Amino acid sequence: MHKDTTKHPCFNKAEAGNCGRVHLPVAPKCNIQCNYCNRKYDCVNESRPGVTSGILKPFQAAEYMDKVLAKEPRITVAGIAGPGDPFANPAETLETMRLLNERHPHLLFCLSSNGMGILPYLDDIAALGVSHVTITVSAVDPAIGAKIYAWVRDGNVVYHGEKGAEILLGRQLAAIKGLKERGITVKINSIIIPGVNDHHIVEVGRVCAGLGADIQNMIPLKPTEDTPFSEIPEPGRETVLPLRKEAGEFIDQMTHCKRCRADAVGLLNDDQSVALCGTLRACSK
Ligand code: SF4
Ligand code: SF4
């Protein structure tokens, strides 16, 4: 089926006022631990990645999607962005995409991953009609990555420090290349962490652009309680804007990210995840 791939509010700012997205929270586990991430919260009043009102099984996500589309027909994108990582939960992720492809083939499909576990599934992703994938890359130097990731799990083996960061980076760069070879639009999310990678994040954009990535989304760290980075201050516009300008010389920059929840739904400027949390919870039972 032909899809208008311009109708993605995150990849195309011009459409952000007309079309919306749903994040389907079917992926609770993660295969790495970022030092800024805390997924313990399950709170309808908090808005940041990792937060969701509930977890859905794939068939529940498909039913929830039916209900959301009935209430908000402006939705053009169905995505999976956690609350863990889609490819730490590959069976759930692919089954959800398969069901959506059956029931709502007109939607754009979108996945957001740390890249660690995605490589075996690149052909499946392409075959299921996923048009947009985000890989979060916040360092392209394992010495810096080692400060960002507490651990990285590959199968049953857990790696720490530079070794873990090096394995993760290798997977991420291979994923970008493999996704582009399959004609998929790729966004790079890069978390700006003052004192850790702010001096390095333009280099992240340069390296990813060299592999064909389409756009970079520099996201200021949102310090979160009970994480190693909870005391690092959130970088302001004076930090973020020059970095975007510098990296914008070689890769397009996203400037309207809302740092959405793992169950976000609606237009970016008219999020209805709190309004629809009852619907999500009813579907999760
Ligand atoms: Fe949290 Fe995402 Fe990092 Fe996993 S990859 S630890 S879910 S921020
Ligand atoms: Fe779009 Fe940013 Fe929200 Fe992801 S977190 S859906 S990129 S606005």
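Here, the structure is the one placed above.
Just so it is clear, the model here is predicted, and its values are computed rather than measured. The written sequence of each chain sets the order in which its residues are numbered from 1. By the order in which they are written, chains take letters starting at A while ligands take numbers starting at 1. Per-residue local features of the predicted model are confined to residues with pLDDT of at least 70, and side-chain atom pairs are confined, for both listing and counting, to 80 or more; whole-chain, interface and lining totals are unaffected and use all residues. To obtain the side-chain values, all non-hydrogen atoms of the structure were included, while hydrogens and water were left out.

Things to note about the overall build of the chain
- By the criteria applied, helices consist of DSSP H or I runs no shorter than four residues and strands consist of E runs no shorter than two, each listed in order from the N terminus. A tally of regular secondary structure across the chain gives 8 helices and 12 strands.
- Every radius of gyration here is taken over C-alpha atoms, with the globule rule written as 2.2 Å times N^0.38, N being the number of residues. What you see for the chain is a C-alpha radius of gyration of 17 Å, in line with the 19 Å of a compact globule of 285 residues.
- Based on the C-alpha atoms only, the size of the chain along its principal axes is roughly 45 × 40 × 40 Å.
- Note on exposure labels: buried denotes an accessible area under 20% of the residue type's maximum, exposed denotes more than 50%, and partly exposed covers the range between, all computed with a 1.4 Å probe on protein chains only. A burial count over the chain gives 54% of its 285 residues as buried.
- Only heavy atoms matter for contacts: two residues are in contact if any of them lie within 4.5 Å across the pair. Long-range pairs, those at least 24 residues apart, make up 76% of the contacts in the chain between residues at least 6 apart in sequence.
- Here the open area of atoms and residues is found with the Shrake-Rupley method and a 1.4 Å probe, where only the protein chains shown may cover a residue. Total accessible area computed for the chain in this model is approximately 11900 Å², and 52% of it derives from carbon and sulfur atoms.

Things to note about the nonpolar core
- The term nonpolar core refers to a set of buried residues drawn from Ala, Val, Leu, Ile, Met, Phe, Trp, Tyr and Cys, joined through side-chain atoms within 4.5 Å. The biggest cluster of nonpolar side chains holds 44 residues, and the ones touching the most others in it are Leu24, Tyr64, Met65, Ile125, Val133, Ile135 and Ile188.
- Ranked by residues supplied to this core, first place goes to helix α1 (residues 58-71) with 5 residues.
- Each residue touching Ile125, except ones within four places of it in the same chain, is listed here: Phe87, Leu111, Ile118, Val130, Val133 and Ile184.

Focus: the site of ligand 2
- In this text, near means that some heavy atom of the residue lies within 4 Å of the molecule or strand in question. Inspection of the region around ligand 2 gives Cys10, Arg21, His23, Lys187, Met254, Cys257, Lys258, Arg259, Cys260 and Leu268 as its neighbouring residues.
- Residues are grouped as follows: Ala, Val, Leu, Ile, Met, Phe, Trp, Tyr, Cys and Pro are nonpolar; Asp, Glu, Lys and Arg are charged; every other residue, Gly included, is polar. Among the residues forming the shell around ligand 2, the class breakdown is 5 nonpolar, 1 polar and 4 charged.

Considering helix α6 (residues 201-210)
- Within the sequence span of α6, burial applies to Ile201, Val202, Val204, Gly205 and Cys208. Relative to the axis of α6, the buried residues are bounded by an arc of 155° and lie together on one face.
- Looking one or two residues beyond α6, the residue adopting positive phi is Gly212, at roughly 105°. Our arc is simply the arc of the directions from the helix axis toward the C-beta atoms.

Focus on the environment of Ser131
- Within the secondary structure layout, Ser131 lies in strand β5 (residues 130-136).
- According to the relative accessible area criterion, Ser131 is buried, its value standing at 12%.
- The spacing of Ser131 and Thr185 is 54 residues in sequence and 6.1 Å in space, taken between C-alpha atoms.
- Non-local contacts of Ser131, meaning those with residues more than four positions away in its chain, are made with Thr5, Leu108, Phe109, Ile184 and Thr185.

Describing the pattern of salt bridges
- Salt bridge, as used here, is a side-chain nitrogen of Lys or Arg placed within 4 Å of a carboxyl oxygen of Asp or Glu. Applying the stated rule across the entire model yields 13 salt bridges.
- One salt bridge connects Glu15 with Lys7, and the closest N-O pair in it is separated by 3.3 Å.
- Since its relative accessible area comes to 30%, Lys7 is described here as partly exposed.
- A network of salt bridges, in which partner residues are shared, links Glu72, Arg74 and Asp270.

Some details on the layout of surface pockets
- Throughout, the protein atoms alone are placed on a 1 Å grid, and a set of points is a cavity if a 1.4 Å probe fits but cannot get out or a pocket if it is open with protein on both sides within 12 Å along at least five of seven lines; lining residues have an atom within 4 Å of a point. Grid points are joined across faces, edges and corners, and a volume is the space filled by probe spheres set on the points. Within this model, the largest pocket holds a volume of roughly 190 Å³.
- Around the largest pocket sit 15 residues that line it, and Pro220, Val240, Arg244, Thr255 and Cys257 are the ones nearest its centre.
- Where the lining of the largest pocket is concerned, the elements lending two or more residues are β9 (215-220) and α7 (237-247).
- Grouping the constituent residues of the lining of the largest pocket by class yields 7 nonpolar, 4 polar and 4 charged.

Regarding the site of ligand 1
- The local shell around ligand 1 consists of Cys30, Ile32, Gln33, Cys34, Tyr36, Cys37, Arg39, Pro83, Gly84 and Asn114.
- Counted by class, the shell around ligand 1 contains 6 nonpolar, 3 polar and 1 charged residues.

Here we look at the packing of aromatic side chains
- Side-chain rings of Phe, Tyr and Trp (the six-membered ring for Trp) are treated as a pair once their centres are within 6.5 Å; stacked means planes under 30 degrees apart, edge-to-face means over 60, and tilted covers the remaining angles. Taken as a whole and judged by the stated rule, the model has 1 aromatic pair.
- Taking the centre distance of 5.7 Å and the plane angle of 20° together, the rings of Phe87 and Tyr121 count as stacked. Residue Phe87 is located in the loop between β3 (75-80) and α2 (90-103), and its partner Tyr121 is located in the loop between β4 (108-113) and α3 (122-127); the two are separated by 34 residues in the primary sequence.
- Accessibility expressed as a relative area gives 5% for Phe87, which makes it buried.
- The partly exposed category is assigned to Tyr121, whose relative accessible area is 23%.
- Lying across the ring of Phe109, Lys3 places its NZ or CZ 3.9 Å from the centre. The rule for a charge over a ring is simple: NZ of Lys or CZ of Arg within 6 Å of the ring centre, and within 35 degrees of the ring normal.

A word on the side chain of Ser138
- The topology assignment puts Ser138 in the loop between β5 and α4 (142-148).
- Nitrogen and oxygen atoms within 3.5 Å of one another constitute a polar contact, given that in protein one can donate a hydrogen and the other can accept it, and given that sequence-neighbouring residues count only through two side-chain atoms. Of the polar contacts made by the side chain of Ser138, one reaches the backbone nitrogen of Ile191; its length is 3.0 Å.
- Residue contacts for Ser138: discarding those within four places in its chain leaves Ile148, Tyr149, Asn189, Ser190, Ile191, Asn197, His200 and Val204.

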